[in-house]
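# Geometric and topological summary
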Amino acid sequence: MDGTLVTSLFDTEIDAGLLGGKGAGLARLVRLGHRVPPGFVMTTEAFDVVLEHLGVTAQYHELRRAVASGELDDIAGSNIIDALLLGELPKRLASEITSEAARCEVWESGRGRLIVRSSATVEDSADFSFAGIFESIEIQSPQELESAILRVLSSAFSKRALTYASDSGVEGPPRMAVVIQSFLDATRSGVMFTSFHEGRALVEHVEGGCEKLVKGEVIPARFWTDRSTGDTEGEVDLLSPRHVSRLGELAIELELQFGGPQDVEWCIYDGEVHLVQTRPITASWISPEPSEAPDGAILSGVSASHGVGVGAVHLAFNIEHALAIETGQVLVTPMTNPDMVVAMRSASAIVTDVGGMICHAAIVSRELGLPCVVGTRTATETLASGTVVTVDGSNGAVYAGRVKIVVADPDHDIVGWGVVWERWRQRASGKAPIVSTVSALADAPRGLERVLLRPEIDLRVDEKGLWRDLERMDQSALHVVVDDYVVRIRRAAETADVQQLEVLTDRMGVEIASAFSASAGSDMRLVDSAVDAVPLGEALTDGSVENDDRQALPSVEEAREAAHDTIKFFGHEPAIRTGPMPAVERRRAWWSVLPAYGRFHAEYDTYAHTGSHRWLEVRPELVISAMLKSLVQPGFEMVPRVLGFAGMAPLHIKWMNCRYYFRSDAFDDVWSAIVDSTWDPGFMADLMHRVRDSYDHLAEVLALFPNTEEGFGELDNAEIIALITSWWPRWVEFFALCWFIQAQGDDVLYPFIEETLSANQDAIADMPDGMRPPATVDIVAPTTSVLSAEYMHSVSGVRDSLIRHSLVDVEQALEAVAVGTVPSVSAAVSKHLAEWHWMRDRDLLFEPWDTPRRVIKTALRTGEHTPTDYQGNLGRNVVALALHSDLAERSGRAQALNHAVRFFHDLNVERENHHLLWLKYSYPLRQLILESGKRLAATGDIQKEDVWFLQAPELIDALRRLPTPVESALWETVKNRRRGFEAEARLSSDSGEAVEPEDDYL
């Protein structure tokens, strides 16, 4: 074991080949006299020794050849990863690491924590940053050090790292050194781009350690420093003048010392600035300046979640396909569903055939911070598995290969009220400003003679950014809301020293205005019109009326009428088939099972409907099984009755090739009513309340179900039928209320929001350097957690527990859980199962989801979950909505825009929660179906899983007849349905068995 295996950062030659890119950079900083956290490096020669010790050197060289030649496969690197994660360091190397840790006093200096960091030979170079590709791990004790080192080494062989290396032209997986340093308990930390724009350095900083800034978990404070004059602009108050000055000096020093612009990570510890990392700003760095996307997109769609992602295409047509994704691949699928949340977390980007801004893929992608393009129509047909693509979520485009996309960073530099007020002063017209939120009032320049406040936005948004239904509040609750708000107004007005404050009541209801009147004092005048005043946001325009696109916008009424176009619901030209109504005897069987459903159809005599009709394909997604059809058909057809559309007949459904269709004439009427209702604030507020109440209604009936497998086994057949028929009416209400939420958001509200914002953006004059006007991303960013986020947080907890104890093999982890050798892992798995056992595999066609094996397998497949900054998003959302409401006054769309945005947020949250809650509230029913399957399978030569291809009337009839065997003809029908579904879902190869057509299913 020759060569240098371990060396201190403080007494070593600067050799990137030995120390890796990061280690060499740190050693050079030390040599130049900069403060660096104490530490040492396990060198690339030690890397070679570890591979030799574990017997994988030959595999490493073969992998280098595969990367260089572009011959990667799905399991490339997995054997080396397994050897590292299950192996140990050579004893001499482990001993040297322990000795060096003691000599460097890294534990004492860092107050008991270390950071174990990757330092590959190509990392942090001028050509490749490999930023975020390799692992860096914080540890708490010496016992964790060896495991952390092996995990960092293994990250060189992950699918993501190998793909990045191959796509970047690197000859193979790099040799990896490992930096071990004290984790300094920083009081403040940040990053600095030494050359950002026009001779200025950009500094972003946060309280405490820098990891939450790097991961995007917080909105940092920000300032710019002019390197020639030392002048600063921005948020410097949280740093001492000495630290601000020192960072400005470092920007100049580091560029001179390293020969070019640097991306610097720093922290303040023990009163001094320490450098944690510096690397060149590479060609892959994304400029904050917006630009047009390159030509040549192979697909285009809806920009559902911003950012750019690059990776190999992973096609998924079902949950099993999705769960096979490798970290860093691009998930391409017709549409995601709740089962795929874990797979989405592992992806670098999402692309779907169908969907809009409020579809499942869009909501979860925004929640997880993943680039996402939906509604491409043909992604699954156009993109081949394994080919590398670039997904531009900011512009809704997909490109072949690795393409440099220059985009504006949507999370940074939104214009603040200070800039708006400065523009106001420059363009003063003698009129008073109307402000749309108290935060604008608080930032007003001192001593303004008169300011008008329009309270609509502040009053209508609650602490989570959702619609506050003031009209349904009782008087005491309403007065509390108004009293609290008046205190905020008064405080802001006093801060700004406003001479005369007026509150506009023209858009308040009588009761709200009355509450304001009771709460306001003599210093707050209530007025019902804005005389000689203009919205503050108009200061962002150049004031001209010519060529102002806002003047040409259709009126709110015209926009509402345009939304009546039925095709807008589909987001694309739907497939159209012509065919008869489903057979009358089938429809009668449905109505007899669910009496309210039957009465609704009888009222409109629909059993007599005959003849040929046009049918519109709702979406190209597959219906999992006939049983799922049983759950959704009544919900669709009863939408008019559940939503309260008086005098409107049922919405007719037909099923063809495992997909569902609406009868076009019935759908036209329903869609028209839904569009009109979406613009009715009273209806929408009531809808939101009814949706949430429907959850409780389902929960109430589920109290009747057993809660153990044994309990389901003890039910007799009549009890099973009674439970099904008691559950079903509640389900129909739940489904009918929730389903069209997505359509309301995607096809009624969002087009209005986007059209209004686009015209407003065109009217805005040039922004100051480093600033941008509020964009759509600020309006639609998630402001409250949805269930998918809570689920990922739970999965992440299991993952962290497994990795912390080096349990990276499913069988090994299962054994540890079974025998209880690692109590914390057992507890994490048990807690997840208790809370989320209902989450997966809606029809049980695949491996059971509610087992420790499935939980462990899922957790080990997913990546680290970073929580969304909901409060930061909400702050930007209020600013964006206030400014765009101001700008929309000229087009007469201000009030409608506020309605659209606030309800868009509600629909976004309820739609995603509905996606998951239907799994929760159907879980006991699925257990009931499983029990039914066992009983029916005992009567003949069938598989219990075939029960999912029975329709509900058939299932109930078969249960009633037990123990009489089910007719063989029915089982042949069931097996035919299953073959049809498996062929459509690409779950089976062509077996040669023909799938026979069946009315109303295949």
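What comes next concerns the included structure. (Residues numbered from 1 in each chain as written. Predicted model: local features only at pLDDT ≥ 70, side-chain atom pairs only at ≥ 80, totals over all residues. Heavy atoms only, no water.)

### Topic: the sheet that holds strand E3 (residues 114-120)
Hydrogen bonds along the backbone pair up the strands of a sheet, which may run parallel or antiparallel. The antiparallel open sheet is built from five strands, whose spatial order is E1-E2-E5-E3-E4. Both outer strands of the open sheet, strand E1 (6-8) and strand E4 (136-139), are each paired with one neighbouring strand and no more. Here the average twist between neighbouring strands, direction ignored, is 20°. (Pairing = 2+ DSSP bridges. Helix = DSSP H or I, 4+ residues; strand = E, 2+ residues; numbered from the N terminus. Axes fitted to C-alpha atoms, helices over the stretch in contact; angles between N-to-C directions.)

### A closer look at the nonpolar core
In terms of nonpolar packing, the biggest core is built from 212 residues, with Leu441, Phe516, Trp727, Phe740 and Leu936 touching the most fellow members. A total of 19 residues in this core trace back to one element, the largest contributor, which is helix H38 (residues 894-937). If near-sequence neighbours (up to four positions away) are discounted, tryptophan 727 is found in contact with Leu631, Leu698, Val701, Leu702, Phe705, Tyr921, Ser922 and Leu925. Listed in part, the 41 residues of the second largest apolar core include Val67, Leu84, Leu93 and Ile139. (Core = buried A, V, L, I, M, F, W, Y, C linked by side-chain atoms within 4.5 Å. Buried < 20%, exposed > 50% of the residue type's maximum accessible area, 1.4 Å probe, protein only. Contact = heavy atoms within 4.5 Å.)

### Section: helix H19 (residues 510-519)
Residues spaced three or four apart along an α-helix face the same direction, because each turn holds 3.6 residues. All of the buried residues in H19 are Ile512, Ala515, Phe516 and Ser519. End-on view of H19: buried residues confined to an arc of 100°, all on one side of the axis. In H19, those exposed residues whose orientation departs by more than 90 degrees from the buried face are Val510 and Ala518. As for H19, its buried residues are in contact with helix H17 (456-460), helix H18 (475-496), strand E22 (500-504) and strand E23 (524-527). (Arc of directions from axis to C-beta.)

### Looking at the side chain of aspartate 906
Inspection of the secondary structure assignment puts aspartate 906 in helix H38. Within polar-contact distance, the side chain of aspartate 906 engages the backbone nitrogen of tryptophan 467 at 2.8 Å. Excluding residues within four positions of it along the chain, aspartate 906 makes contact with Leu466, Trp467, Met688 and Arg692. (Polar contact = N/O pair within 3.5 Å; in protein donor to acceptor, adjacent residues only side chain to side chain.)

### What to know about the environment of valine 451
Relative to the helices and strands, valine 451 is located in strand E21 (residues 450-453). Note: C-alpha distance between valine 451 and glutamate 502 (51 residues apart in sequence) is 6.3 Å. Apart from the residues lying within four places of it in its own chain, the contact partners of valine 451 are Pro433, Val435, Leu441, Val498, Gln500, Leu501 and Glu502.

### Remarks on the packing of helix H23 (residues 584-593) against helix H39 (residues 952-961)
Following both chains from N to C, one finds H23 and H39 inclined at 70°, their axes separated by 9 Å at the closest point. In terms of their interaxial angle, H23 and H39 are classed as roughly perpendicular. When the axes of H23 and H39 are compared, the crossing they make is left-handed. When H23 is examined against H39, the residues Arg586, Ala589, Trp590 and Val593 are found in contact with a partner set consisting of Pro953, Glu954 and Ile956. Here the contact of H23 with H39 is built from residues that sort into five nonpolar, no polar and two charged. (Parallel < 35°, antiparallel > 145°, perpendicular 65-115°, else oblique. Left-handed = near helix turned anticlockwise from the far one by under 90°. Nonpolar A, V, L, I, M, F, W, Y, C, P; charged D, E, K, R; others polar.)

### Quick word on unusual backbone geometry
Excluding glycine, residues mostly carry a negative phi; peptide bonds, for their part, are mostly trans. A cis amide bond links leucine 962 with the next residue in sequence, proline 963, at an omega value of 10°. Within the fold, proline 963 resides in the loop between H39 and helix H40 (968-984). Even without being a glycine, arginine 377 presents a positive backbone phi close to 75°. The topology assignment puts arginine 377 in the loop between strand E17 (372-374) and helix H14 (379-382). Residues other than glycine seldom take positive phi values, yet aspartate 497 does so here, at roughly 55°. Structurally, the position occupied by aspartate 497 is in the loop between H18 and E22. Given a relative accessible area of 34%, aspartate 497 falls into the partly exposed group.

### Quick look at the environment of glycine 940
With respect to the helices, strands and loops of the structure, glycine 940 is situated in the loop between H38 and H39. As a C-alpha pair, glycine 940 and arginine 876 span 64 residues in sequence and 62 Å in three-dimensional space.

### Here we look at the packing of aromatic side chains
Following the criterion strictly, the structure yields 35 aromatic pairs and no others. On the basis of an interplanar angle of 10° and a centroid distance of 5.4 Å, the ring pair of phenylalanine 735 and tryptophan 739 is categorised as stacked. Taken together, the residues span about one helical turn, with phenylalanine 735 and tryptophan 739 both in helix H30 (residues 717-739) at a distance of four residues. One exposure class covers both phenylalanine 735 and tryptophan 739, and it is buried. Over the ring of tyrosine 607 we find arginine 588; its NZ or CZ atom is 4.9 Å from the centre of that ring. Above the plane of the ring of tryptophan 739 lies arginine 911, whose end atom (NZ or CZ) is 4.6 Å from the centre. (Phe/Tyr/Trp six-rings, centres within 6.5 Å; stacked < 30°, edge-to-face > 60°. Lys NZ or Arg CZ within 6 Å of the ring centre and 35° of its normal.)

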